[in-house]
Structure formats: structure tokens, C-alpha cells
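Examination of the molecular architecture
These are the residues of each chain, in order.
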Amino acid sequence: MSSDTLAHVPTAPEIPEPADVPRVVPQRRYGQWAAAVLVLALLALAVDSVLRNKAFQWAVVADCFTSDSVLRGLWLTLWLTAVVMVLGFALGTLLAACRLSANPALRAVSWGYVWLFRSIPILVQLLLWFNIGALYPRVFGVRTVDLLTPVAVAIVGLTLHEAAFAAEVVRAGILSVDRGQIEAAQALGLSRSRRWWRIVLPQAMRSIVPPAGNMLVGTLKGTSIVSVIAVNDLLFSTQLIYHRTYQVIPLLMVATLWYAVVTSLLGLGQTYVEKYYARGTETAR
């Protein structure tokens, strides 16, 4: 194309901007800025008071934070949490299946179990199991006192308690799956097991994982209650130390910091699992 041709190519006319267009001014949020400054100032004062308060004895906290007895108690707490969650969700899944069954007897028994163990406080349950020998001195020819050690009592009591809540979590997750998905899988000729593993379970996990993560954190913190039956968990380990040294506050801070660290790690893991099962949905963004 020659230069003469380019010179005759018409150009778009310039549109003059109207002189009366109002200028857009962003809204000034003085209240939000003032509230933010106030909250940050109060937070700074609170942190400064904690760090500068000599009663916390941070040197003692640092010395006891990784002591052998505290780490052994932490390990028992983590082990107990893992065992209770696995057994609790296994039993809870069975109860949820019974609750969704067409058999009225299974539905009634499952509903009664959930009602009973959700009604009794966990501390009362642990004390009842701890004193079960008064009701049944022998089980299968073995003394109940020898059969149910404090750790075994903690596992049984916490598992039965968690299973009642896990059953409702699993049941709600299964009911959240659209019935049309199951009918479509039936129309494709998928077997019952494949429908559950390929269709129902992946979609149900989106609703199960968030409350299950909260249950995991709650179980971790709830294991501290087993200290009342002399199970040597994290809290009981710190109690043994401060009963000997009378340094109550710093030892309680040791337990508090360990619980905060572990729950933070569990929260990160929960976030990853939620994103994994939310793939392909808007919540995954």
C-alpha cells in the first residue's frame, strides 16, 4: 500500500468529552480507619502486657517447652486424637448408614445411640467408664480393672462420644448429594459400590470435611479432659511438673502454646483438604 493511499484512509473522529461529567470521588471511610487504629492499638497493648509481665516467667516456658515429660504427653495426646478420630468416624459412618437404611429397627437403634451419647457430657461418660468395674467386676473372666486401663477408658469414652457426632456429619454429607446424581449413575449401569465411591463420596466430602476438621480440632483439645482419670497426656504432664515446682502459670502456657501450634497445623491441613475436594467448584477459587 502506497503512502498516498495511507494518507486518504479515514480516521475515527475524536469525540469531545462533555464538560459537565461529574468527577468520581471514592468514599472516605473515616470510621473504618479509626476502628482499625483503635483495634491495633489495643492489640499492641495486650501483646506488650503479656510479654512484659514477669509473672508469665517466659524463661521457664522456654525451658519446659521441649522437656521430655512434656513431649511424651504431647505424643500421647496426638496418638489419642488420631485413634479416637479413626475409630469414631468408622463407627459414625456405620451409624449414618443405619440411619439412612430402609430398616426401621436399624434407624431406631442408630437414632437412639446418637441421642444418648449427645445427651451425656463427655466428663460424665469418662467417669462412668472409669468406674464400670463397680457394675461389672468381671468381663469374659477378666477383672474389669485390669481390662480397662485409664488409656483404654479414654479411648472407649472419647470414641463412643465422637461417633455420635461423626454419624450426623456423615449423614448430612450424604444427604447433601443431589439425588439426580445417583439416579444418573444408576442409568449408566454403575454398580452400587462404584456409585458410592465414584459419585456419592467425592461430593459428600465437600460437606463432610469442614465439620470433620472442626471435630478433629475439638477432639485434640477435648483430650485434655482425660487428665481427670490420670492419663498422662499433655495437660497432665504439665500438671505433674507444676505440682512439684509450683510454677502454675508458665506450665499452663507451655500446654497452651503446644495446643495452639498443633491446631494451627491441623487448620492448614484442613484448608488443603477442603480445596482438594472443592476442585471444579466456585469454592475452590
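Below or above, wherever it landed, is the structure these notes cover. Just so you know, these numbers come straight off a predicted model, no measurement behind them.

Description of unusual backbone geometry
Its identity as a non-glycine residue notwithstanding, alanine 230 has a phi of 65 degrees, on the positive side. Following the sequence through the fold, alanine 230 ends up in the loop between helix 10 (192-222) and helix 11 (234-245). You will see that tyrosine 246, though not glycine, has its phi angle at about 65 degrees, which is positive. Following the sequence through the fold, tyrosine 246 ends up in the loop between helix 11 and helix 12 (248-277).

Comments concerning the packing of aromatic side chains
Tallied over the entire structure, the rule returns 5 aromatic pairs. Aromatic pair tyrosine 113 and phenylalanine 117: ring centres 4.4 Å apart, planes at 35 degrees, arrangement tilted. Linking tyrosine 113 with phenylalanine 117, this pair stays in helix 5 (residues 104-119), spanning 4 residues, or about one helical turn. The burial state of tyrosine 113 is the same as that of phenylalanine 117; both residues are buried. On the numbers, 5.1 Å between centres and 90 degrees between planes, the contact of tyrosine 276 with tyrosine 277 is edge-to-face.

Let's talk about the nonpolar core
With 18 residues, the main nonpolar core has Val70, Leu234, Leu251, Val254, Trp258 and Tyr259 as its most contacted residues. Looking at this core, the elements with two or more residues in it are helix 3 (58-65), helix 4 (68-99), helix 11 and helix 12. When residues of this core are assigned to their parent elements, the largest contribution, 7 residues, is made by helix 12. Beyond its immediate chain neighbours, meaning those up to four positions away, valine 70 contacts Cys64, Phe65, Leu234, Ser237, Thr238, Ile241, Val254 and Trp258. If you look at the next biggest cluster of nonpolar residues, it comprises 16 residues, including Val169, Val170, Val177 and Ile182.

Conventions we followed
Residues numbered from 1 in each chain as written. Predicted model: local features only at pLDDT ≥ 70, side-chain atom pairs only at ≥ 80, totals over all residues. Heavy atoms only, no water. Helix = DSSP H or I, 4+ residues; strand = E, 2+ residues; numbered from the N terminus. Phe/Tyr/Trp six-rings, centres within 6.5 Å; stacked < 30°, edge-to-face > 60°. Buried < 20%, exposed > 50% of the residue type's maximum accessible area, 1.4 Å probe, protein only. Core = buried A, V, L, I, M, F, W, Y, C linked by side-chain atoms within 4.5 Å. Contact = heavy atoms within 4.5 Å.

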